[in-house]
Amino acid sequence: MIYEAIPNNIKQACELLSQGQVIGLPTETVYGLAADAYNDRAVASIFHIKRRPAINPLIVHVGNVAQVDEIVQTSTMAAELMAAFWPGPLTLVLPRKENGPVSLLATAGLDTIGVRMPNHPIALELLHSFGRPLAAPSANLFMTISPTTALDVEQGLGDQIPLILDGGPCQVGVESTILDLTTDKPTLLRPGGVSVEDIEAVVGPIHRLDPEKNHTIKAPGMFKRHYAPSKKVRLNAADALEGEVFLGFGPYSGNRMNPDDKNLSVTGDCVEAAANLFQFMRQLDQKMQYHTIAVAPIPYTGLGLAINDRLQRAATSE
Ligand code: TXA
Ligand code: MG
């Protein structure tokens, strides 16, 4: 059930988490399915509820830097990135502390942990009152579109979790950027809410994984098909064809006016487009009269990199 994020309900959420239960949590990127990161059984429930393969590690969310030091080994570069982007949509993959308290299941047995401090007042308040890190993947069933409102979570998983805290629509709208700091040069594992340009302004050039290669070992969760609507998705479309509904970007210059079409950002702003992406995909996916969502080209700069990544995963049939 959806609960308003008032102090009493946050307290209730803490109690449920202490009992090893799983709850729906707002963050600035997408809603998370959160559980006590130190409790194996609670973490196991996340995988079960999400129907997610346990080879796919979870991001561990922290409320302060002291919690980071408790679970991973940091570095000067990690500290610089945290200072620049936390709280915010940047996940850092760091070496796990030997015999550290995070559930091994949460990290799929890897000797690294992806950590981030979310920039959402309710997530931070909950993390502070709970006092321990929270393991949380996006609160959607495996392979479906990530939720950006409490209602999305309710519709997908509401019958399986006791409580969803309502934090309003997510401001960023795409998942965090994942940066691996355990390699010689920092490696981008997933483009997301912090742009590569902004990261490089702090730490210099980073390495990008070639999306055409299979990186199952480094980032087990990076399945090619992901974020999938049930309709087909056709990318780089100038306009919609027969039976297609159009997801535009920038001023529309096509020759068809369909009131069902949507525009991610009429002004061509990638930040606005990211915030709208998953909501608009959901809305278009529900229009039964179309078989395909045709999507306008999106530039590969700033958050456009993350938008293109999610669109390509939605479009692939593998
Ligand atoms: O914005 C976000 O990151 C959201 C919100 C809820 O914080 N969370 C999210 O989690 O997107 P999820 O589980 O849907 O995606 C986590 C990704 C997976 O692709 C996983 O493979 C990768 O993070 N990941 C987690 N820990 C990792 C690690 N130690 N090494 C490499 N990749 C890791
Ligand atoms: Mg996800």
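None of the values given here were measured: they were computed from a predicted structure.

Q: What should I look at first to understand the packing of helix H4 (residues 76–85) against helix H7 (residues 196–203) in this one?
A: Angle between the axes and distance between the axes are the two parameters that describe a pair of packed helices. Orientation of H4 relative to H7, taken along the N-to-C sense of each, is 130 degrees, at an axis distance of 10 Å. Between H4 and H7, the interaxial angle falls into the category oblique. Between H4 and H7 lies a crossing whose hand is right-handed. Facing H4, whose interface residues are Met77, Glu80, Leu81, Ala84 and Phe85, H7 presents Asp198, Ile199, Val202 and Val203. When grouped by side-chain class, the residues that make up the contact of H4 with H7 number seven nonpolar, no polar and two charged.

Q: Just to check I follow, could you spell out the site of ligand 1 for this structure?
A: The full set close to ligand 1 counts 25 residues, and Thr29, Arg52, His61, Ser176 and Arg190 are the nearest of them. Measuring from an oxygen atom of ligand 1, one finds a side-chain N or O atom of Thr29 at 2.7 Å. Burial of ligand 1 by the surrounding chains reaches 97%, relative to a free accessible area of 690 Å². Counting only elements with at least two residues in the shell around ligand 1, the list comes to strand S4 (59–61), strand S6 (112–116) and strand S10 (187–190).

Q: Teacher, can you tell me more about the pattern of salt bridges here?
A: Any two side chains of opposite charge can pair if their charged atoms end up close together. Summed over all chains, the structure comprises eight salt bridges. Note that Arg282 and Asp152 form a salt bridge whose closest N and O atoms lie 3.4 Å from each other. Linking Arg282 in helix H8 (residues 270–285) with Asp152 in helix H6 (residues 150–157), this pair joins segments that are 130 residues apart in sequence. On the basis of relative accessible area, Arg282 is assigned to the buried category, the value being 16%.

Q: Help me out: how do you make sense of the packing of aromatic side chains in this one?
A: Within a pair of aromatic rings, the relevant descriptors are the distance that separates the centres and the angle that separates the planes. One pass over the structure, following the stated rule, counts one aromatic pair. Taking the ring centre of Phe280 as reference, the NZ or CZ of Lys262 above it sits at 4.8 Å.

Q: Please explain unusual backbone geometry as it appears in this structure.
A: Where the residue is not glycine, phi is negative for most of them; where a peptide bond is considered, it is trans in most cases. Cis geometry marks the peptide bond from Trp86 to Pro87; its omega dihedral reads -10 degrees. Residue position: Pro87 is located in the loop between H4 and strand S5 (90–95). Look at Asn99: it is not a glycine, yet its phi comes out positive at around 55 degrees. With respect to the helices and strands, Asn99 occurs in the loop between S5 and S6. In this model, Met143 sits at a positive phi of 75 degrees, which is unusual for a non-glycine residue.

Q: Could you clarify how one ought to interpret empty space enclosed by the protein in this entry?
A: To find leftover empty space, one rolls a probe the size of a water molecule over the atoms. In this structure the tally under the stated criterion is one cavity of 30 Å³ or more. Here the largest cavity defines a volume of roughly 30 Å³. In terms of lining, the largest cavity is formed by Thr177, Pro191, Gly192, Val194, Ser195, Val196, Gly302, Leu303, Leu305 and Ala306. Residue composition of the lining of the largest cavity, grouped by class: six nonpolar, four polar and no charged.

Q: Is there a simple way to think about the packing of helix H1 (residues 7–18) against helix H5 (residues 121–130) in this case?
A: Two elements in contact, H1 and H5, have axes separated by 10 Å at closest approach and are oriented at 55 degrees. Taken together, the axes of H1 and H5 are oblique relative to one another. When the axes of H1 and H5 are compared, the crossing they make is right-handed. Judged by residue contacts, Ile10, Ala13, Cys14, Leu17 and Ser18 of H1 engage Ile122, Glu125, Leu126, Ser129 and Phe130 from H5.

Q: Before we go on, may I ask you to explain H8 in this structure?
A: Residues separated by three or four positions in an α-helix point in the same direction, a consequence of the helix having 3.6 residues per turn. The first and last C-alpha atoms of H8 sit 21 Å apart over 16 residues, in line with the 22 Å expected at 1.5 Å per residue. Burial within H8 is extensive, with twelve of its 16 residues counted as buried. Where H8 is buried, its residues contact H6, strand S13 (244–248), strand S14 (262–263), strand S15 (292–295) and helix H9 (304–315). In this structure Asp269 caps H8, since a side-chain oxygen of it lies 2.9 Å from the backbone nitrogen of Val271.

Calculation notes
Residues numbered from 1 in each chain as written. Chains lettered and ligands numbered in written order. Predicted model: local features only at pLDDT ≥ 70, side-chain atom pairs only at ≥ 80, totals over all residues. Heavy atoms only, no water. Axes fitted to C-alpha atoms, helices over the stretch in contact; angles between N-to-C directions. Helix = DSSP H or I, 4+ residues; strand = E, 2+ residues; numbered from the N terminus. Parallel < 35°, antiparallel > 145°, perpendicular 65-115°, else oblique. Left-handed = near helix turned anticlockwise from the far one by under 90°. Contact = heavy atoms within 4.5 Å. Nonpolar A, V, L, I, M, F, W, Y, C, P; charged D, E, K, R; others polar. Near = heavy atom within 4 Å. Polar contact = N/O pair within 3.5 Å; in protein donor to acceptor, adjacent residues only side chain to side chain. Areas by Shrake-Rupley, 256 points an atom, 1.4 Å probe, with all protein chains shown as cover. Salt bridge = Lys/Arg side-chain N within 4 Å of Asp/Glu carboxyl O. Buried < 20%, exposed > 50% of the residue type's maximum accessible area, 1.4 Å probe, protein only. Phe/Tyr/Trp six-rings, centres within 6.5 Å; stacked < 30°, edge-to-face > 60°. Lys NZ or Arg CZ within 6 Å of the ring centre and 35° of its normal. 1 Å grid on protein atoms, 1.4 Å probe; cavity = no way out; pocket = protein on both sides within 12 Å on 5 of 7 lines; lining within 4 Å. Points joined across faces, edges and corners; volume = space filled by probe spheres on them. Expected span 1.5 Å × (residues − 1).

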